[in-house]
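Each chain, letter by letter, is given below.
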Amino acid sequence: MTLCVQEALLQAQAQGLTRLEAEMLLLHALYQSTHARAWLLTHESLVLSPAQLEQFKNSTQRRLNLEPVAYIVGCKEFFGLTLLISNQVLDPRPDTETLVMWALETLNTALNTTPNSRPSVMDLGTGSGAVALAIQHARPDAHVQALDCSAAALELAQLNAQQLNLNVKFRQGSWLEGVLDTFDLIVSNPPYIRTGDAHLHALRHEPALALVSGADGLHAIKQIVPSAAACLKPGGWLLLEHGFDQAESTRNLLAEAGFKNVQSRPDLAGIERCSGGQKAL
Ligand SMILES: C[S@@+](CC[C@H](N)C(=O)[O-])C[C@H]1O[C@@H](n2cnc3c(N)ncnc32)[C@H](O)[C@@H]1O
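Just so it is clear, the structure is predicted and the values come from calculations on it, not from any experiment. (Residues numbered from 1 in each chain as written. Predicted model: local features only at pLDDT ≥ 70, side-chain atom pairs only at ≥ 80, totals over all residues. Heavy atoms only, no water.)

Caption draft 1: Quick look at the sheet that holds strand E6 (residues 183-188). Reading across the sheet, the 7 strands line up as E5-E4-E3-E6-E7-E9-E8 and stay open at both edges, with mixed pairing between neighbours. In this open sheet, the two edge strands, each paired with only one partner strand, are strand E5 (169-172) and strand E8 (260-266). Adjacent strand axes in the sheet meet at a mean angle of 15°, parallel and antiparallel pairs treated alike. Inspection of the sheet shows E6 paired to strand E7 (residues 232-241) by 5 bridges, in the parallel sense. By the bridge assignment for E7, Phe183 is matched with Leu232. Together, strand E3 (120-124), E6 and E7 form the strand contacts of helix H10 (residues 219-231), whose direction differs from that of E7 by roughly 160°. Contacting E7, E8 and strand E9 (272-278), helix H11 (residues 247-256) crosses the sheet at an angle of about 10° to E9. (Pairing = 2+ DSSP bridges. Helix = DSSP H or I, 4+ residues; strand = E, 2+ residues; numbered from the N terminus. Axes fitted to C-alpha atoms, helices over the stretch in contact; angles between N-to-C directions. Contact = heavy atoms within 4.5 Å.)

Caption draft 2: Spotlight on helix H1 (residues 5-15). Regarding H1, the residues found buried are Val5, Ala8, Leu9 and Ala12. End-on view of H1: buried residues confined to an arc of 100°, all on one side of the axis. In H1, the exposed positions that point more than 90 degrees away from the buried face belong to Leu10 and Ala14. Among the structural elements, helix H2 (19-29), helix H3 (37-41) and helix H4 (50-64) are those in contact with the buried residues of H1. A positive phi of about 125° marks Gly16, the residue just after H1. (Buried < 20%, exposed > 50% of the residue type's maximum accessible area, 1.4 Å probe, protein only. Arc of directions from axis to C-beta.)

Caption draft 3: Main features of the pattern of salt bridges. As enumerated under the stated definition, the model contains 14 salt bridges in all. Glu23 is the partner of Arg37 in a salt bridge, and the nearest nitrogen-oxygen pair spans 2.5 Å. Of the two residues, Arg37 sits in helix H3 while Glu23 sits in helix H2, which places them 14 residues apart along the sequence. For Arg37, a relative accessible area of 37% puts it in the partly exposed group. Note that Asp141 and Arg139 form a salt bridge whose closest N and O atoms lie 2.8 Å from each other. Owing to a relative accessible area of 28%, Asp141 belongs among the partly exposed residues under this scheme. Taken together, the shared-partner salt bridges in this structure form one network comprising Arg19, Glu23 and Arg37. (Salt bridge = Lys/Arg side-chain N within 4 Å of Asp/Glu carboxyl O.)

Caption draft 4: Structural view of the nonpolar core. Counting 37 residues, the largest nonpolar core has Leu133, Ile135, Phe170, Leu185 and Leu239 as its most contacted members. Of all the secondary structure elements, the ones that give two or more residues to this core are helix H5 (69-73), strand E2 (81-84), helix H6 (97-110), helix H7 (130-138), strand E4 (143-148), helix H8 (151-164), E6 and E7. What Leu185 contacts, discounting residues up to four positions off in sequence, is Ala103, Thr106, Leu107, Leu111, Ser120, Val121, Met122, Leu232, Trp237 and Leu239. By size, the runner-up hydrophobic cluster in this structure holds 22 residues, among which are Leu147, Leu176, Leu218 and Ala229. (Core = buried A, V, L, I, M, F, W, Y, C linked by side-chain atoms within 4.5 Å.)

Spelled out as structure tokens, the structure:
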């Protein structure tokens with residue numbers, strides 16, 4: 001059996017993939033950049049070789065089994081950067097761009113840094129390095145550090161930093177345990193799903209370490225908030241991503257730890273997705 005580009009796309013969509021997913025997987029099978037979606041339009045009648053067809057069918061099956069497209073094609077666009085992605089790290093989500101935008105806004109406006117001082121930033125639970133690298137790319141003047149407890153994640157984050165020529169300093173550790181530096185800004189997209197949550201089945205290809213955080217989903221946030229208070233400079237900010245229903249609990253934890261200006265920000269769907277606060281001056 002042979003299929004041309006147009007037929008392959010239609011067949012994958014009939015099986016349940018979105019047009020975008022089918023295009024990304026087909027470009028990968030054809031050894032084209034996953035940015036080159038316009039290329040498919042100009043090659044609609046190109047007939048796939050048997051090896052390309054086999055690879056495309058295999059990728060389609062993997063996606064139908066709910067494996068993230070990023071794991072199949074090995075990369076993902078995040079905040080304008082192309083990141084290498086493997087199943088050792090969370091597939092970075094567009095919603096996390098809310099955290100990055102808030103972090104950049106905080107660096108630009110709220111932080112009381114003098115014109116020549118270089119702000120210091122820490123990204124906790126960096127995974128692929130997505131958040132730290134996006135901040136470092138947008139603010140080359142910042143000293144960005146990032147940590148994760150997973151050695152495999154740190155290896156990939158380091159590779160991403162090298163590929164993007166960004167000078168983020170990575171370290172292995174459990175949240176802020178043993179961190180002696182102080183920062184102007186601490187950001188984190190920690191694991192925040194409840195143990196046994198029904199959504200976990202659909203997320204089964206991603207590392208549990210990146211997703212699950214105790215019976216209430218707040219285990220990591222409860223560890224990060226008080227320790228961040230100790231690792232921030234006076235007037236510094238802690239910004240956290242959390243679950244769709246965790247904004248109020250996170251704001252309460254921030255207020256209990258003494259943070260001022262406690263507030264939340266919505267994600268692209270209008271759901272309160274990030275909360276943060278400022279250490280008193
Ligand atoms: C939700 S993922 C976020 C990954 C990345 N920042 C992003 O937004 O795509 C959470 C990350 O926290 C890391 N993590 C889990 N427990 C940790 C701990 N105790 N200390 C440091 N990192 C931890 C996981 O390995 C994972 O990379």
